[in-house]
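Examination of the molecular architecture
One letter stands for each residue in the lines below.
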Amino acid sequence: MNDIRHASLHRATSETDITLALTLDGEGRSNVDSGIGFFDHMLTALAKHGSFNLDLKAKGDLHIDGHHTVEDVGIVFGQAFRQAIGDKRGIERFGHALVPLDEALCEAVVDISGRPYLAWNVVFLREKIGTMDTELFEEFFRAFAMSAHIALHITCKAGTNAHHIAESGFKAVARALKVAVSHDPRLAGAIPSTKGVL
Ligand SMILES: O=P(O)(O)OC[C@@H](O)[C@@H](O)c1cnc[nH]1
C-alpha cells in the first residue's frame, strides 16, 4: 500500500490546464486557485473537513463559462483520489456524514466500491453563487465519482440558502470520504473487495 497516500497530477486539454496534488492523511491544508471564488471556498472546506492536503491550480476557458473548469477539476481530483488510495487493503470503505450549516442539512454516503455512481438529490433556488453556476456542483461530483471509481450519494435534507446548502454538501462529502478512506493497519492484509484494487 502507498504509505504516504499522495498523488500529484497534471492534465491539460484545449479547454483547461490543471495541476493538482492531494494527500489523504493531511492536516486539512489547502492552496487552491480555480479562477472561481466560490468553488475555491468549497474545495478549501473539502480539504479542511476531510483532513486532506490539497494544492490546485486550474486555468480554464472561463470566458465561456465555468463548466469545463469545474468538471475537469472533478476528473483530476477523482483520479488523484483513486491513485492516492492505491489498493483497498486496510481502508474502511464505507462513509456516511450529515453536516449542517445554519438551516441547511446535507447528507453524503460513500462506498469506495470500484463501481462509479453518483446519486444527486440537491436542488438550489438560485442559479449562481458568486460567479459559480449552481448546476455545476452536480457536474463536479459526477466527474469526481466517475474518476475515483466510488459510489457517492448526496442529499439535501433541509435548507433554502444556496451558499449554506452547497457548503453543507461539500463538508458532508469531506467527512464521509475521511471515514471511508480511514485506514486500519490491522486490516492491511484483508482481501480487497470483489473488485480488487480500484
Ligand atoms: O467553521 P468552518 O470554517 O468550517 O465554517 C465556515 C463557515 O461558517 C462559513 O464559510 C460560512 C458561514 N455561512 C456561510 N459560510
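Below or above, wherever it landed, is the structure these notes cover. No experiment lies behind these values; they were computed from the predicted model shown. Numbers given for residues are sequential positions, taken from 1 along each chain in its written order. Side-chain atom pairs in this predicted model are given and counted only at pLDDT of 80 or more, local residue features only at pLDDT of at least 70, and totals for whole chains, interfaces and linings cover all residues.

Points about the overall build of the protein
- Strands here are runs of E lasting at least two residues and helices are runs of H or I lasting at least four, both read from the DSSP assignment and numbered beginning at the N terminus. Within the protein, the regular secondary structure consists of 4 helices and 10 strands.
- When the elements of the protein are put in sequence order from the N terminus, they spell out β-β-β-α-β-α-β-β-β-β-β-α-β-α.
- Seen along its three principal axes, the alpha-carbon backbone of the protein occupies a region of about 50 × 40 × 30 Å.
- By the burial criterion, 44% of the 198 residues in the protein qualify as buried.
- A separation of at least 24 residues holds for 79% of the contacts in the protein among residues at least 6 apart in sequence. Around each residue's C-beta, the other C-beta atoms within 10 Å are counted; 20 or more make the residue buried, 12 or fewer make it exposed, and counts in between make it partly exposed. All C-beta atoms are placed from the backbone. Distance between backbone-placed C-beta atoms decides contact: two residues are in contact if it is within 7 Å.

Some remarks on the nonpolar core
- One finds Leu22 and Val173 to be the most contacted residues of the largest nonpolar core, which totals 61 residues.
- No other element matches helix H4 (residues 162-181), which puts 11 residues into this core.
- Ignoring anything within four residues of it in the chain, the contact list for Leu22 reads His6, Ala7, Phe52, Leu54, Ala80, Phe81 and Ala84. By our criterion, buried Ala, Val, Leu, Ile, Met, Phe, Trp, Tyr and Cys residues that link up through C-beta atoms within 7 Å make up a nonpolar core.

Points about helix H3 (residues 136-148)
- The terminal C-alpha atoms of H3, which comprises 13 residues, lie 18 Å apart, in line with the 18 Å expected from a rise of 1.5 Å per residue.
- Considered for burial, the residues of H3 that qualify are Leu136, Phe137, Glu139, Phe140, Phe141, Ala143, Phe144, Ala145 and Ala148.
- Buried-residue contacts for H3 involve helix H2 (67-85), strand E7 (117-121), strand E9 (132-133), strand E10 (151-158) and H4.
- Where H3 terminates, the next one or two residues include His149, which has phi positive at roughly 60°. A helix's residues, less one, multiplied by 1.5 Å, set its expected span.

As for the pairing of E10
- The rule for pairing is simple: two strands pair if DSSP sees at least two bridges between them. Where strand E6 (residues 104-111) lies against E10, 7 bridges are found, and the strand directions are antiparallel. Within E10, the position partnered with Val110 by the bridge is Leu152.
- Where E7 lies against E10, 5 bridges are found, and the strand directions are parallel. For Ala119, the partnering residue across the bridge sits in E10 and is His153.

Focus: the sheet that holds strand E5 (residues 94-101)
- Strand order in the open sheet formed by 4 strands is E5-E6-E10-E7, and the pairing between neighbours is mixed. Among the strands making up the open sheet, the edge pair consists of E5 and E7. Mean inter-strand twist for the sheet, computed between neighbouring axes without regard to direction, equals 10°.
- Only the stretch in contact is used when a helix axis is fitted, and all axes are lines through C-alpha atoms; the angle between N-to-C directions ranges over 0 to 180 degrees. Lying on the sheet, H3 is in contact with E7 and E10; it crosses E7 at an angle near 160°.
- Running over the sheet, H4 touches E5, E6 and E10 and is turned about 150° from E5.

Thoughts on the packing of helix H1 (residues 37-50) against H4
- Two elements in contact, H1 and H4, have axes separated by 8 Å at closest approach and are oriented at 35°. As for how H1 packs across H4, the hand of that crossing is right-handed. Residue-level inspection shows Met42, Ala45, Leu46, His49 and Gly50 of H1 in contact with H4, the latter providing Ala166, Glu167, Phe170, Lys171, Val173, Ala174, Arg175, Leu177 and Lys178.
- The classification used treats Ala, Val, Leu, Ile, Met, Phe, Trp, Tyr, Cys and Pro as nonpolar, Asp, Glu, Lys and Arg as charged, and all other residues, Gly among them, as polar. When its residues are assigned to classes, the contact of H1 with H4 shows 8 nonpolar, 2 polar and 4 charged. If you view the pair so one helix is near and one far, a crossing is left-handed when the near helix is turned anticlockwise from the far one by less than a right angle, and right-handed when it is turned clockwise.

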